[in-house]
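# Residue-level structure breakdown
Below are the chains, spelled out letter by letter.
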Amino acid sequence: MTAVLGEDRRVREASHASGGGPAAPARSHIAAPPLAPELPPKRFRPFAYATLIAVVMLAGIARLTGAPVFISVCLLATAAAGLLVLLRSFRAERETASIIDERVARSRAEIETLADQMWELQESEERFHGLIDALGDLVVHRDREGRIVYANKVFAELIGADARDLYGQALSELGIEVGIVPDAAFSDGECLSSTDVAIQAPGGTRWFSWIELSVRDKASKSVSHRAIARDITARKRAETALINARERAEFASQAKSRFLATVSHEIRTPMNGIMGMARLLADTNLSPEQRTYVGAVSTSASALLALIEDLLDYSKIEAGRFEPEPQPMSPRELTENVVELLAARAFAKNIGLGCHVAPDVPHMITADPGRVRQVLLNLIGNAIKFTDAGGVLVTVTRSGAGRSGMIRFNVADTGPGLRETDIERIFEEFEQADGTSTRAHGGAGLGLAISKRIVKSMGGSISVASEYGAGSEFTFEIPAAAATESQQARGAVLSGHHAVILSRNAVEAKAIACTVRAHGGTVDIAATVEQTTALAGRCDALLVDAALEAGDGRVLKRLRQAGFTAGEAITLIAPTDRGMLGEFRASGYATFLARPVRGETLLRVLLAGAAPAAQAQTAASKASSLPARNAKPLGLSILIAEDNDINAMLARATLQKAGHRVEIVGNGKAAVEAVTGAGPKHRYDVVLMDLHMPVMDGLDAIAVIRRHEEEMGVAPVPIMVLSADNQEKTRHAVLAHGASGFVTKPLDPEALVEAVEEQAAA
């Protein structure tokens with residue numbers, strides 16, 4: 001049987017070798033165990049037969065010789081018994097042979113099955129190793145000391161060695177730095193570790209992702225480290241290329257940002273001269289045609305300056321260097337200041353501009369006032385630009401409850417509106433509602449994109465609702481962080497008060513009416529004198545638009561005759577109507593409200609009545625109304641440190657025109673010498689210091705002057721910094737260096753004079 005199995009095994013090996021399957025390496029011969037116990041030899045059978053025959057013959061001989069019968073009978077009985085035993089032995093032998101044959105057949109089948117399974121396992125292992133090698137992964141098994149127990153063909157070919165020669169070597173001996181995980185790391189189980197490994201191959205350095213499983217056998221306590229490594233050289237090269245590309249892109253972005261910042265500063269310097277000189281020229285005796293030309297110069301310069309600001313802000317946001325600077329701010333004051341700032345632009349187009357701030361809006365919140373102002377300037381400026389009739393209404397309300405609510409700013413206009421397709425793209429970069437070459441309004445299309453990013457960076461949202469031909473409504477919300485309520489009671493302070501508004505400007509009248517109603521009062525609005533007379537009756541205040549009134553006050557007289565006898569008359573004046581204020585007072589108007597009307601001013605006027613002191617305080621509270629200059633300091637001694645001749649000439653002309661004495665130096669060092677070298681009798685009242693100058697810049701000059709004042713024990717001279725950089729961090733930086741104030745270029749002559757006089761008075 002064993003010989004037969006061996007023959008079958010040789011046949012299978014020959015079959016594999018001749019193409020019946022994958023060629024297998026030479027294996028050691030496996031001897032088959034004995035299939036069954038050996039049977040006893042059969043040599044006793046002839047002797048048994050001879051013995052039986054001899055016994056029978058003896059029985060016959062005994063009978064013939066006359067021996068007793070019982071001897072013959074005994075001999076025959078013995079022969080019969082022996083024959084019976086022999087027959088039984090033959091039968092047992094046949095049964096035993098049958099059993100042995102059955103066992104042999106079963107054992108042979110089992111052995112063949114086991115042999116086939118062994119071959120299948122060996123072939124499966126060979127296929128597995130071949131598959132791993134085909135994938136190109138490295139497979140390395142190491143023992144507790146880090147010696148190689150097994151390494152596949154790919155690993156051996158990579159390092160240029162024979163796989164059999166690698167047994168017992170450490171990876172460090174092959175120039176591969178992969179440590180061994182300490183036993184303590186997997187004392188209670190397995191430990192999987194991974195790292196990126198560089199291997200020096202004959203073709204150069206290659207990178208592999210080395211993943212190793214460290215295992216402790218619980219029975220034998222033996223430790224093995226089984227690693228598989230995949231080639232990631234291409235990925236490493238791609239990562240290196242991406243890093244290099246990102247560094248180049250960041251460097252290019254920084255260079256672009258520096259370029260834009262430098263160019264914007266250099267452009268602002270001549271723009272300051274153009275805009276300032278245009279304003280100075282407008283104050284001279286000009287013909288109507290010349291005044292038109294000067295106005296065109298100012299308008300073009302303002303548009304160019306706005307474009308520069310948008311490009312600079314966009315470059316900062318694109319470079320990822322835009323960071324809000326939260327600080328306490330008043331939503332009410334900031335919004336009303338922006339509305340006042342843009343009022344002249346709206347009045348020039350003969351459209352209305354109104355503002356209403358709800359009473360429940362917090363007095364102070366924490367946000368970035370500069371960025372909120374920028375968003376409001378963009379939204380309100382766009383609304384004014386695209387509105388040719390009607391007006392723009394700005395409302396500020398509070399949404400949500402508690403200190404975690406939101407402040408909502410809403411800008412609604414009566415302009416042309418937007419199509420649905422325009423709404424979807426209006427907040428993208430360089431997009432405009434009308435992108436054709438025949439559009440009526442210019443611009444770079446960056447204002448809304450910048451506003452969206454600003455609002456998003458502050459944790460808010462911005463949206464637009466519009467109907468084509470029916471105007472647009474832009475809304476943005478910012479968190480009311482650290483909100484503090486106003487100390488002033490904002491309840492129904494106007495309860496029982498009734499006002500009547502006569503104005504053709506529905507937007508501004510609506511804003512005033514909203515404020516009155518929000519504080520408990522009642523109000524009626526009329527667009528004509530006839531509509532107003534129909535409302536005659538009890539009235540606490542009669543608000544009349546100065547555009548409807550004549551110099552002799554005939555409209556007020558007509559209303560008085562129609563029944564408005566009890567309420568005091570208040571005129572609504574625009575900045576262009578300031579020259580008629582005396583005539584209005586003489587005609588019977590108790591006081592005035594400057595357009596656009598501030599909510600706090602409206603409340604004070606309606607509550608205070610016609611008290612002269614209240615009127616004077618109201619008039620002084622608005623920069624766009626008639627400023628009180630009775631107490632302004634005259635004949636100030638002012639030093640200007642400015643390296644640009646045009647800017648220096650503009651500042652000097654503006655201040656000299658206001659009655660002040662001006663000296664000019666060209667750099668920071670000269671400014672230091674002029675301030676520190678002047679005696680007590682020649683002390684300057686105010687110093688205007690440019691930020692960027694040759695020899696010594698403004699910040700260094702301020703620091704030197706402040707140190708000199710501390711050493712000499714003299715009072716610090718007010719120093720105002722002149723700079724085209726209007727960022728909040730720049731303002732904070734100059735104030736931290738000892739400056740007293742900050743004036744932004746391009747210089748506004750009126751703002752410059754007012755700022756200088758305020759610093760001198762302080």
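Residues numbered from 1 in each chain as written. Predicted model: local features only at pLDDT ≥ 70, side-chain atom pairs only at ≥ 80, totals over all residues. Heavy atoms only, no water.

Counting its regular elements, the chain contains 21 helices and 22 strands. Looking at the chain as a whole, 40% of its 762 residues qualify as buried. Counting contacts in the chain only where the partners sit at least 6 residues apart, residues at least 24 apart contribute 67% of the total. Total accessible area on the chain stands at roughly 40,300 Å², and carbon and sulfur atoms take up 57% of it. (Helix = DSSP H or I, 4+ residues; strand = E, 2+ residues; numbered from the N terminus. Buried < 20%, exposed > 50% of the residue type's maximum accessible area, 1.4 Å probe, protein only. Contact = heavy atoms within 4.5 Å. Areas by Shrake-Rupley, 256 points an atom, 1.4 Å probe, with all protein chains shown as cover.)

Quick look at the environment of methionine 649 now. Turning to its location among the elements, methionine 649 is positioned in helix α17 (residues 645–657). With relative accessibility at 37%, the residue methionine 649 sits in the partly exposed group. Measuring from C-alpha to C-alpha, the distance between methionine 649 and methionine 277 comes to 9.0 Å, with 372 residues separating the pair along the chain.

Before going further, it helps to examine a nonpolar patch on the surface. Together, Ile53, Met57, Leu58 and Ile61 line one region of the surface with nonpolar side chains, adding up to about 400 Å² of accessible area. Positionally, methionine 57 belongs in helix α2 (residues 44–64). (Patch = residues over 30% accessible without salt bridge, like charges linked within 9 Å, V, L, I, M, F, W, Y side chains within 5 Å. Salt bridge = Lys/Arg side-chain N within 4 Å of Asp/Glu carboxyl O.)

Glancing now at the packing of helix α8 (residues 369–386) against helix α10 (residues 447–457). Running from amino to carboxyl end, α8 crosses α10 at an angle of 145°, the nearest separation of the two axes being 10 Å. In the crossing of α8 with α10, the sense of the turn from one axis to the other is left-handed. Here Arg371, Gln374, Val375, Asn378, Leu379 and Asn382 of α8 come into contact with α10, specifically with Gly447, Leu448, Ile450, Ser451, Ile454 and Val455. The residue inventory of the contact of α8 with α10, partitioned by class, reads 6 nonpolar, 5 polar and 1 charged. (Axes fitted to C-alpha atoms, helices over the stretch in contact; angles between N-to-C directions. Left-handed = near helix turned anticlockwise from the far one by under 90°. Nonpolar A, V, L, I, M, F, W, Y, C, P; charged D, E, K, R; others polar.)

Turning next to the packing of aromatic side chains. A full pass over the atoms with the stated rule returns 3 aromatic pairs. Both rings, one in phenylalanine 409 and one in phenylalanine 476, keep their centres 4.7 Å apart while their planes meet at 10°; by these two values the pair is stacked. Of the two residues, phenylalanine 409 sits in strand β10 (residues 406–413) while phenylalanine 476 sits in strand β12 (residues 472–479), which places them 67 residues apart along the sequence. Taken as a pair, phenylalanine 409 and phenylalanine 476 share a single burial class, namely buried. Considering the side-chain rings of phenylalanine 584 and tyrosine 589, the 5.9 Å spacing of their centres and the 75° angle between planes classify their relative orientation as edge-to-face. (Phe/Tyr/Trp six-rings, centres within 6.5 Å; stacked < 30°, edge-to-face > 60°.)

For the rest of this paragraph, the subject is the sheet that holds strand β20 (residues 686–690). One open sheet holds the 5 strands; their spatial order is β19-β18-β20-β21-β22, and the pairing between them is parallel. The two strands at the open ends of the sheet, each matched to only one other strand, are β19 (661–665) and β22 (741–744). On average, adjacent strands in this sheet sit at an angle of 20° to one another, irrespective of strand direction. With 4 bridges joining them, strand β21 (residues 719–723) and β22 adopt parallel strand pairing. (Pairing = 2+ DSSP bridges.)

Looking now at helix α13 (residues 554–562). When α13 is considered as a whole, its buried residues turn out to be Val555, Leu556 and Leu559. Buried residues of α13, viewed axially, fall in a sector of 95°; they line one side. When the buried face of α13 is taken as reference, the exposed residues oriented beyond 90 degrees from it are Arg554 and Gln561. Contacts made by the buried residues of α13 are with β13 (498–502), α12 (529–533), β15 (541–545) and β16 (568–573). Residue glycine 563 follows α13 closely and has a positive phi angle near 130°. (Arc of directions from axis to C-beta.)

The next subject is the pattern of salt bridges. For the coordinates displayed, the defined rule picks out 21 salt bridges. Between glutamate 212 and arginine 142 there is a salt bridge, and its shortest N-O distance comes to 2.7 Å. With glutamate 212 in strand β4 (residues 204–216) and arginine 142 in strand β1 (residues 138–143), the pair connects residues that are 70 residues apart, well separated along the chain. Taken individually, glutamate 212 and arginine 142 each receive the classification buried, so the pair is uniform in this respect. What emerges from the salt-bridge pattern is a single network uniting Asp196, Arg235, Lys236 and Glu239.

The next subject is the nonpolar core. Ranked by size, the top nonpolar core spans 46 residues in total, and within it Leu353, Ile380, Phe476 and Ile478 carry the most contacts. Core analysis: the second largest hydrophobic core is formed by 21 residues, Ala641, Val665, Val672 and Ala701 among them. (Core = buried A, V, L, I, M, F, W, Y, C linked by side-chain atoms within 4.5 Å.)

The strand order across the open sheet built from 5 strands is β7-β9-β10-β12-β11, with neighbouring strands paired in mixed fashion. Of all strands in the sheet, those bounded by a partner on one side alone are β7 (352–357) and β11 (461–466). When the angles between neighbouring strand axes are averaged without regard to direction, this sheet yields 15°. Sheet analysis places strand β9 (residues 391–399) next to β10, joined by 8 bridges and oriented antiparallel. Its bridge partner being in β10, valine 396 is matched across the sheet by phenylalanine 409. On top of the sheet, α8 reaches β7, β9, β10, β11 and β12; it is set at about 20° to β10, its chief contact. Seen against the sheet, α10 touches β11 and β12 and runs at an angle of roughly 135° to β11.

A cis amide bond, omega -10°, links arginine 595 with the succeeding residue proline 596. One non-glycine residue with positive phi stands out, namely alanine 482, at about 50°. Positionally, alanine 482 belongs in the loop between β12 and β13. For alanine 482, a relative accessible area of 40% corresponds to the partly exposed category. Despite not being glycine, valine 695 has its phi angle at roughly 70°, a positive value. Among the structural elements, valine 695 can be located in the loop between β20 and α19 (698–712). A residue is classified by how much of its surface remains accessible, and valine 695, at 68% relative accessible area, is exposed.

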